[in-house]
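Residue-level structure breakdown
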Amino acid sequence: MDSKKKISMAVIRRLPKYHRYLKELLEKEVYRISSKELSEIIGFTASQIRQDLNNFGGFGQQGYGYNVDELYEGITKILYLSQPYNVVIIGAGNMGQALANYPWLQNSGFRIRALFDVNPRLIGLKIRDLEIYDIEELEAYIEKNDINIAFVCTPKEKTQKIANVLSKTSIQGIWNFSPVDLKVNSNIVVENVHLSDSLFVLSYLLNNREESEE
């Protein structure tokens, strides 16, 4: 891929879906696939698939299709999933505990190291051998343990305050589950997961099925 080429976010946001389906194909011992066959599985058009993958070059051959293993490994590298990430979870409530118990995170290279909370009844407890620390220890823990990413699962009214603390650390990315748009230093990347937004889209699509089918 040309390092100077600007890839649209629409393409980037489709890559995880390619990655997921390609992994499933490998588990089924499928090692070669055409763009037409892939389109039937993944739901994108064959033309869209070819356009997306052509952004990165070197994938697929006319008359042969795609080597599934090579394409999977290629997308793994594009998404930088070959490298490990050290993670902390801030907020050890229902969402934080659910993420700590989610096995694919650890298997994907996102290594959760600890959880943090303000609730004294939770501090010192463990979830899957992950200790819950007092939020006051957050800054020191991040610097001492080379933490790259914070999963933020705090109540809305406390989230910006947490973001302000994280902005003083070496954190590089925030996965934000709180329904608030954060203000952080320019060197921190924020990915928002607003569950209500997705649910409201579902509500719309349920009541506008013809438009959603188009």
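Residues numbered from 1 in each chain as written. Predicted model: local features only at pLDDT ≥ 70, side-chain atom pairs only at ≥ 80, totals over all residues. Heavy atoms only, no water.

Turning to the layout of surface pockets, a few remarks are in order. The volume enclosed by the largest pocket comes to roughly 1900 Å³. Lining the largest pocket are 39 residues, with P16, L79, L81, F110 and E191 positioned closest to its centre. For the lining of the largest pocket, the leading source of residues is helix α1 (residues 9–27), giving 11 residues. One number sums up the size of the second largest pocket: a volume of about 480 Å³. (1 Å grid on protein atoms, 1.4 Å probe; cavity = no way out; pocket = protein on both sides within 12 Å on 5 of 7 lines; lining within 4 Å. Points joined across faces, edges and corners; volume = space filled by probe spheres on them. Helix = DSSP H or I, 4+ residues; strand = E, 2+ residues; numbered from the N terminus.)

Moving on, we come to the pattern of salt bridges. Using the criterion set out here, one finds 3 salt bridges in the structure. As a salt-bridge pair, R14 and D52 come within 2.8 Å of each other at their nearest N and O atoms. In this pair, R14 sits in helix α1 while D52 sits in helix α3 (residues 46–54), placing the two residues 38 residues apart along the sequence. (Salt bridge = Lys/Arg side-chain N within 4 Å of Asp/Glu carboxyl O.)

We now examine the side chain of T154. Turning to its location among the elements, T154 is positioned in the loop between β7 (149–152) and α8 (156–166). Among the polar contacts made by the side chain of T154, one reaches the side chain of T159 at a distance of 3.0 Å. Once residues lying within four places of it in the same chain are set aside, the contact partners of T154 are I90, G91, T159, I162 and S178. (Polar contact = N/O pair within 3.5 Å; in protein donor to acceptor, adjacent residues only side chain to side chain. Contact = heavy atoms within 4.5 Å.)

With that settled, consider the environment of Y141. Looking at where Y141 falls in the secondary structure, it is placed in helix α7 (residues 138–144). When the C-alpha positions of Y141 and V88 are compared, they lie 9.3 Å apart, and in sequence the two are 53 residues distant. The residues contacting Y141, other than those within four sequence positions of it, are V88, R113, A114, F116, Y133 and I147.

Here the focus is the sheet that holds strand β9 (residues 189–192). Ordered by their spatial adjacency, 7 strands build an open sheet running β5-β6-β4-β3-β7-β8-β9, and the pairing between neighbours is mixed. Each having just a single partner strand, β5 (126–127) and β9 make up the two edges of the open sheet. Pairing geometry for strand β8 (residues 173–176) and β9, over 4 bridges, is parallel. Across the sheet, the residue bridging to G173 is V189, located in β9. Set on the sheet, α8 makes contact with β3 (85–90), β7 and β8; between it and β7 the angle comes to about 170°. (Pairing = 2+ DSSP bridges. Axes fitted to C-alpha atoms, helices over the stretch in contact; angles between N-to-C directions.)

With that settled, consider a nonpolar patch on the surface. Together, L199, F200, L202 and L206 make up a nonpolar patch on the protein surface, roughly 420 Å² of accessible area in all. As for its placement among the helices and strands, F200 is situated in helix α9 (residues 195–206). (Patch = residues over 30% accessible without salt bridge, like charges linked within 9 Å, V, L, I, M, F, W, Y side chains within 5 Å. Areas by Shrake-Rupley, 256 points an atom, 1.4 Å probe, with all protein chains shown as cover.)

Before going further, it helps to spend a moment on a negative patch on the surface. Together, E136, E137, E139 and E143 make up a negatively charged patch on the protein surface. Within the secondary structure, E139 sits in helix α7. (Lys, Arg positive; Asp, Glu negative; His and termini not counted. Charge placed at Lys NZ, Arg CZ, Asp CG, Glu CD.)

Per the UniProt record, "DNA-binding region" (unreviewed entry) is found at residues 17–56. Here residues 17–56 runs as 70% helix and 5% strand, with 16 Å between its end C-alpha atoms. (UniProt positions renumbered as here; feature names shortened; annotations may be inferred.)

Further remarks concern the pairing of strand β4 (residues 110–117). Regular strands have side chains that alternate between both faces of the sheet. Within β4, 6 of the 8 residues are buried, leaving the element largely enclosed by the surrounding structure. When β3 meets β4, the two strands line up parallel, connected through 6 bridges. Residue pairing in the sheet places I89 in a bridge with L115 of β4. (Buried < 20%, exposed > 50% of the residue type's maximum accessible area, 1.4 Å probe, protein only.)

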